[in-house]
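Listed below, chain by chain, are the residues.
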Amino acid sequence: MARKPVTDMSAWPSLTLEGNLIAPAMVASIDRRQASEQTEEDYRIRKGLTIREEISTAFRVGQSHFDAFAKLQNPSVEATRRFVRAFLAETFGFDDLTPADGVISFLAGGRVPIVVVPPSEERLDRRSPTLSTDRSRSPAFALQDYLNDSDDVLWGLVTNGAVLRLMRDNASLTRPAHIEADLVAIFTNEDAASFAVLWSLIHRTRFGIAGTPVTDCALERWREAGSREGEAARDRLAAQVETALKVLGSGFLEANPELAARLKSGEVNLIEWFNELLRLVYRLIFLMVAEDRDLLHPPIEEDDQQRAKKLAARKLYAEGYSLAALRAQAVRAATWDKHHDRYEGIKVVFRGLARGQEALGLPALGGLFNADQLPHLETARLRNRAFMQAVYRLAWLSDRTGMVPVNWRAMETEELGSVYESLLELQPQLGDDGRTLLFASEAAEQRGNQRKTTGSYYTPDSLVQLLLDSTLDPVLDEREAQAADPAEELLKLTVIDPACGSGHFLLAAARRIATRVARHRAGGIPSASDFRHALREVACRCLYGVDRNPMAVELTKVALWIEALEPGRPLAFFDAQIRCGDSLIGVFDRAMLREGLPDEAYKALTGDDRELSRRYARLNREQRDRAKGHPLLFRNWSPPEVLAERDHKLKEIAQDDLTSVEAKARGFYAMRSSDDWQRLKTASDLYISANFYMAAFFTPKAGGAANTDAMPLTEHVWQAAGGQAPAEHLRQGAMLTSQKVGAFHWFIEFPEIMERDGGFDVVIGNPPWERIKLQEQEFFAARSPAIASAPNKVERQKLIDALEKADPESADGRLWRDFVFTKRTAEAASEFARSSGRYPLTGRGDVNTYALFTELFSRLAGAHGRAGIIVPSGIATDATTATFFSSLVDQRRLVSLHDFQTGLGFFDRIGHARFKFALVTLAAPGTGPTKAAFSFFSRTIEEFADTRRHFDLSPSEIATINPNTRTAPVT
């Protein structure tokens, strides 16, 4: 296969681009003066001169200043500041510099902070004696801290006279983002090319005019334009990840005929095998990120007696086994051969990372690299042709100028969310020959439908940060103010996203918490290693997530492992915190079990016998009535303290080494195997199975089946909770039904938080917005395009009816069973929402998941917690949610509601201005403000920042405006 040449990225030898401050492709456009705002007028160049002439003149002026400064012997801080002031003013147009206080030396126009230290402080990332008068600081971290904390600045400069760095407000302290210029190299080597780019980037005009919003500047617009380019690149990467999966899958099938045969016969489950492929790709991505960020190997101390041996081991790894070496080789067609050695080599790395491998300097990470993660692929063979093509697809991207390496070092972990969104669409199928992996529904229009069926839309980071401002920060402020040890108090916080997707909200929250923890511990501005250590602790102790999609759960854990990777420490055990299940379906608390099954659980649904359903409802009602006034029924239930205490001890286990990580895993599974946990699990499953009864899981409801053991009833639930085992067919049916619908029983999944603490400190997320009612076109879009594209409902129904008559073992027969199952599940879920008591305020009408999630979020927040959610604005304006919204207002729970429109950067795939959504922040009952904050119709973050859009309303004012509905006063 012919491949395009690799682009040369060394056009600016004296510049270093770290992170995604401005995309390299955008910098190249700026260098070619093809970006916006690059006319002579934009740079305020004197009349009669061109930009090229101005840059040439500036180079000589700057070189003159630098040469004079370089002649000084050990220049002081003051001498360096005098040089920097004159250098910036006469070379880059900074004619409005004023002295500043504290760590900031100068401010330009009140909006560009500049930190200056002497050249003796060679590294901008190392502790600065100049700035560390009251607490430890490095120059770069001092500027970053200032930029992050101040709303009046966005971009800044830091320099020691020898190097100069451009920086921006940046939430991530583990992955700095900057553009650094080596002034010594530029002026000593006459590197005019690097200087031209530097001048174009940091000329005073690039930072905007004093008195205007800090976001109103060329640098910010260039960054946004580069981000849009980056989004396009991520879309291409998502497509290449899909290609890599197909290549790997087909390669394994071709090289392992026995495996292919077992998959075709169904002996090996296709979905489970496909999940192994995903884990393999996650491993490769993890390794590329860890290598590029230099986090794979633990640091080697200078006085380590084994230093030479360890360095040799790392050299062996880098040259013979690393992903970096494989990525470099993958661009050569000669490496795509028929041999099997390269995959065998990476398996050596995998085994080394599972338990440690001294010969390669590999630490014992466990987790993602445990042997049980790839039961079929770890022992399989794979030709270099398939493996190297997959590596190539993951490591290189094509742009207008050729092939460029994927910048895994700088890629935000949240950006994997775009990959997550594409992976949700993939439905693996075997080709007719049984040796090819295919994905169903690859047409663009079907992709759109599949996205809709998953309810998945990736949340822009700007919205995530806004929601954290109102939801997380107030909780952090309160805890810090009340604590004797703020760092430890912050680490006791619990933060959950009940529909966590790829972990975007969790990662963003973790960074904010870790920043504060690291600052408290460092007594000032922390180092990158301080922050990374704090981030790992936050991930291990504070973060929780639930998602119904197992691939999303896998990706969230991988994202946390990547983000919280600390050299020398294993991958943490996250199974106890990141759980797979449907947050909306399941038993919420013990009160649901004690109330017993509602009669509506036996409402006849698709495939049920109506007379039998009425009979079971009557029996169930009689059992509940008999139980009234008989508390002895509940005396054998395990008290809440038992599981809460076990859960607490489990969370207290440190995860500093692989032994402790494995001990925590054993403790987690031991708790779930205990009698106390299993009894409540069986009772909860019985409760759910009555709602979601599936004929295939139980004794068929035939005419003569009148005995009370044919279906779960209230007494079965109560007896199971007390330790009395139900009939085996009921237990099996309940377990299988629970698995099939993904039931999630909150009070036993997180026993300490739910039963002892009363809820989470912070609940945050952007859950799916979808109707529970089955949408036939969406269901068949990925399974039978012919049915989905039928010209009208009548014709579509004819095609559906034909499925029922098909051979049960044929593809159409199986599709019919899937359709009936899915339809029935949707009907049962709707009835569960309306009648189970979990959603008394939103479980009504044509139920939509966004309303249910909003009520769930409000219930999950503890007595002093907050909840923040992104949902359609109808939560505050629609008739079906009016009761819920008015309750939030009356109970003084509503903190804020900020309404936006899609398009212009927010959920663009939904369409411009087609949909209205809101950021809603809730407090615990009685703890919210006396007046809630509102804004409406914002289309961009800039429009939201306009204070004229914001207003406050009290409950009485809302009632006065809308006395009947008590909904928000905007439609």
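Residues numbered from 1 in each chain as written. Predicted model: local features only at pLDDT ≥ 70, side-chain atom pairs only at ≥ 80, totals over all residues. Heavy atoms only, no water.

Trainee: Explanation requested: unusual backbone geometry in the structure shown.
Mentor: Negative phi is the rule for most residues except glycine; trans is the rule for most peptide bonds. Positive phi values are uncommon outside glycine, yet arginine 33 reaches one of about 55 degrees. Take arginine 33: it is sitting in the loop between helix H1 (24-31) and helix H2 (51-70). Located in the positive-phi region is aspartate 294, a residue other than glycine, with phi close to 55 degrees. Its place among the elements puts aspartate 294 in the loop between helix H9 (270-292) and helix H10 (307-320). (Helix = DSSP H or I, 4+ residues; strand = E, 2+ residues; numbered from the N terminus.)

Trainee: I'm lost on the sheet that holds strand S5 (residues 155-159) in this one. Help?
Mentor: Within a sheet, adjacent strands bond to each other through the backbone by hydrogen bonds, running parallel or antiparallel. The strand order across the open sheet built from seven strands is S1-S7-S6-S5-S4-S3-S2, with neighbouring strands paired in mixed fashion. Edge strands, defined here as strands with exactly one partner in the open sheet, are strand S1 (15-18) and strand S2 (97-99). Adjacent strand axes in the sheet meet at a mean angle of 20 degrees, parallel and antiparallel pairs treated alike. As paired strands, S1 and strand S7 (residues 178-182) are joined by four bridges and run antiparallel to one another. The partner of leucine 15 across the bridge, within S7, is alanine 181. (Pairing = 2+ DSSP bridges. Axes fitted to C-alpha atoms, helices over the stretch in contact; angles between N-to-C directions.)

Trainee: Sorry if this is basic, but what is going on with the pairing of S5 here?
Mentor: Two faces, one strand: in a regular strand the side chains alternate between the faces of the sheet. Burial runs high along S5: five of the five residues are buried. Residues Trp155, Leu157 and Thr159 point to one face of S5 and Gly156 and Val158 to the other, with burial holding for every one of them. Pairing of strand S4 (residues 112-116) with S5, which is carried by three bridges, proceeds in the parallel orientation. Looking across to S5, one finds that valine 116 is bridged to threonine 159. Relative to strand S6 (residues 163-168), S5 is paired through five bridges, and the arrangement is antiparallel. (Buried < 20%, exposed > 50% of the residue type's maximum accessible area, 1.4 Å probe, protein only.)

Trainee: Quick question: what am I supposed to make of the packing of helix H18 (residues 504-522) against helix H19 (residues 528-541) here?
Mentor: For any two helices packed against each other, the geometry is given by the interaxial angle and the distance between the axes. Their axes nearest at 8 Å, the elements H18 and H19 cross at an angle of 125 degrees. The angle between H18 and H19 places the two elements in the oblique class. Like other packed secondary-structure pairs, H18 and H19 cross with a definite hand, here right-handed. Across the interface between the two elements, Ala510, Arg511, Ile513, Ala514, Thr515, Val517, Ala518, Arg521 and Ala522 of H18 pack against Asp530, Phe531, His533, Ala534, Leu535, Glu537 and Val538 of H19. (Parallel < 35°, antiparallel > 145°, perpendicular 65-115°, else oblique. Left-handed = near helix turned anticlockwise from the far one by under 90°. Contact = heavy atoms within 4.5 Å.)

Trainee: Is there a simple way to think about the side chain of glutamine 63 in this case?
Mentor: Here glutamine 63 is to be found in helix H2. Within the local environment of glutamine 63, its side chain forms a polar contact with the side chain of arginine 60, the two groups lying 2.7 Å apart. The residues touching glutamine 63, leaving out its near neighbours within four places in the chain, are Phe187 and Glu190. (Polar contact = N/O pair within 3.5 Å; in protein donor to acceptor, adjacent residues only side chain to side chain.)

Trainee: Hey, could you run me through the sheet that holds strand S15 (residues 760-765) in this one?
Mentor: With respect to topology, nine strands assemble into an open sheet ordered S14-S13-S12-S15-S16-S18-S17-S19-S20, the strand pairing being mixed. Each end of this open sheet is capped by a strand with a single partner; those strands are strand S14 (578-580) and strand S20 (951-953). For this sheet, the mean angle separating the axes of adjacent strands, direction not counted, is 15 degrees. In the sheet, strand S17 (residues 894-901) pairs with strand S19 (residues 932-938) via four bridges, with the strands oriented parallel. Counterpart to histidine 898 in the pairing with S19 is serine 935. Here helix H36 (residues 882-890) sits on the sheet and contacts S17, strand S18 (916-923) and S19; the angle it forms with S17, its principal contact strand, is near 135 degrees.

Trainee: For this particular structure, what's the right way to read the pattern of salt bridges?
Mentor: Opposite charge on two side chains makes pairing possible when the charged atoms of those side chains draw close. In the structure shown here, the tally under the stated rule is 63 salt bridges. Linking glutamate 831 and arginine 834 is a salt bridge whose minimum nitrogen-to-oxygen distance equals 3.8 Å. Here the residue glutamate 831 and the residue arginine 834 both occupy positions in helix H33 (residues 811-835), the gap between them amounting to three residues, near one helical turn. Residue arginine 949 pairs with glutamate 943 through a salt bridge whose shortest N-O separation is 3.4 Å. Under the relative-accessibility criterion, arginine 949 is labelled partly exposed at 25%. (Salt bridge = Lys/Arg side-chain N within 4 Å of Asp/Glu carboxyl O.)

Trainee: Help me understand helix H25 (residues 675-691), please; the structure alone is not making it clear to me.
Mentor: Quick reminder: α-helices carry 3.6 residues per turn. Residues three or four places apart thus point the same way. Its 17 residues place the ends of H25 25 Å apart at the C-alpha level, agreeing with the 24 Å of an ideal helix rising 1.5 Å per residue. The element H25 is extensively covered by neighbouring structure, given that 13 of its 17 residues are classed as buried. (Expected span 1.5 Å × (residues − 1).)

Trainee: Which parts of the structure should I look at to understand the side chain of lysine 557?
Mentor: Structurally, lysine 557 is set in helix H20 (residues 550-563). Contacts of lysine 557, omitting those with residues within four sequence positions, involve Phe574, Asp575 and Ile578.

Trainee: Help me understand the packing of aromatic side chains, please; the structure alone is not making it clear to me.
Mentor: Think of a pair of aromatic rings as described by two things: how far the centres are apart, and how the planes are tilted against each other in angle. Tallying each qualifying case throughout the model produces 44 aromatic pairs. A ring pair is formed by phenylalanine 744 and phenylalanine 750, whose centres lie 5.9 Å apart and whose planes are at 55 degrees; its orientation type is tilted. Take phenylalanine 744: its relative accessible area is 0%, and that puts it in the buried class. With 5.6 Å between their ring centres and 15 degrees between their planes, tryptophan 769 and phenylalanine 915 make a pair best called stacked. Separated by 146 residues along the polypeptide, tryptophan 769 in the loop between S15 and helix H30 (776-781) and phenylalanine 915 in the loop between S17 and S18 bring together distant segments of the chain. Here tryptophan 769 falls in the buried class, since its relative accessible area comes to 18%. Classification of phenylalanine 915 as partly exposed rests on a relative accessible area of 30%. The structure contains a cluster of three or more aromatic residues connected by ring pairs, namely Phe59, Phe66, Phe69, Phe83, Phe87, Phe92, Phe187 and Phe195. Over the ring of phenylalanine 634 we find arginine 594; its NZ or CZ atom is 4.2 Å from the centre of that ring. A cation sits over an aromatic face here: lysine 740 above phenylalanine 821, 5.1 Å from the ring centre. (Phe/Tyr/Trp six-rings, centres within 6.5 Å; stacked < 30°, edge-to-face > 60°. Lys NZ or Arg CZ within 6 Å of the ring centre and 35° of its normal.)

Trainee: Is there a simple way to explain the environment of arginine 939 in this structure?
Mentor: Take arginine 939: it is sitting in the loop between S19 and helix H37 (941-945). By relative accessible area, which is 34% here, arginine 939 ends up partly exposed. A C-alpha to C-alpha distance of 5.7 Å links arginine 939 and phenylalanine 900, two positions 39 residues apart in sequence. For arginine 939, the side chain forms a polar contact with the side chain of glutamate 943, separated by 2.6 Å.

Trainee: Help me out: how do you make sense of the pairing of S19 in this one?
Mentor: Most of S19 is tucked away: five of the seven residues are buried. As defined by bridge partners, S19 adjoins S20 across three bridges and the pair is classed as antiparallel. Its bridge partner being in S20, alanine 932 is matched across the sheet by leucine 953.

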